[in-house]
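Geometric and topological summary
One letter stands for each residue in the lines below.
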Amino acid sequence: MKNQLKLISVGVALFIVSLSFTKAVKSEVVGNYGDSIMQLSLNDDNTFSHYSSFDANNKIEANGTWLLEKGKIVLQSKIENNNLPKEWKLKNEGQTIKSRNGMIFFTLQKAE
């Protein structure tokens, strides 16, 4: 009886702890991030479009689909592009996304 009570109390405690971790909801993630130089648009239908014009000779335009996995946005582009970061971490309850590509770090704010 004691072991059963201990097992149940440990199970309840683990359940309560697991509820304390917040998961990003898809509706919080959907929207436009960035500005006129670099923009990432995440749509309701799990498609995205990305535009970057850091270098006038090497503009990046990509689109494809996105997934939400473990607090990260994973981009799956139709055209393979090494300059486009594939994983973006969610910060500030979906208001900021961060990524890196080699030694280049990106931080995009959600447009209002």
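The structure this text deals with has already been given above.
This is a predicted model, so every value here is computed, not measured. (Residues numbered from 1 in each chain as written. Predicted model: local features only at pLDDT ≥ 70, side-chain atom pairs only at ≥ 80, totals over all residues. Heavy atoms only, no water.)

1. Comments concerning the overall build of the protein
Summing up its helical and strand segments, the protein has two helices and eight strands in all. Taking all 112 residues of the protein together, 27% fall into the buried category. Pairs at least 24 residues apart make up 27% of the contacts formed inside the protein by residues separated by at least 6 positions. (Helix = DSSP H or I, 4+ residues; strand = E, 2+ residues; numbered from the N terminus. Buried < 20%, exposed > 50% of the residue type's maximum accessible area, 1.4 Å probe, protein only. Contact = heavy atoms within 4.5 Å.)

2. What to know about the nonpolar core
Formed by 17 residues in total, the largest nonpolar core has its most connected members in Leu40, Leu42, Trp66, Ile73, Leu75, Trp88 and Ile97. Going through the elements one at a time, strand E2 (38-42), strand E4 (60-69), strand E5 (72-77), strand E6 (87-91) and strand E8 (104-109) are the ones with two or more residues in this core. No other element matches the three residues that E2 contributes to this core. (Core = buried A, V, L, I, M, F, W, Y, C linked by side-chain atoms within 4.5 Å.)

3. Quick look at unusual backbone geometry
Of note in this structure, Asn46 is not a glycine but carries a positive phi near 65°. Looking at the secondary structure, you find Asn46 in the loop between E2 and strand E3 (47-52). For Asn92, which is not a glycine, the phi torsion comes out positive at approximately 50°. Locating Asn92 in the fold gives a position in the loop between E6 and strand E7 (96-101).

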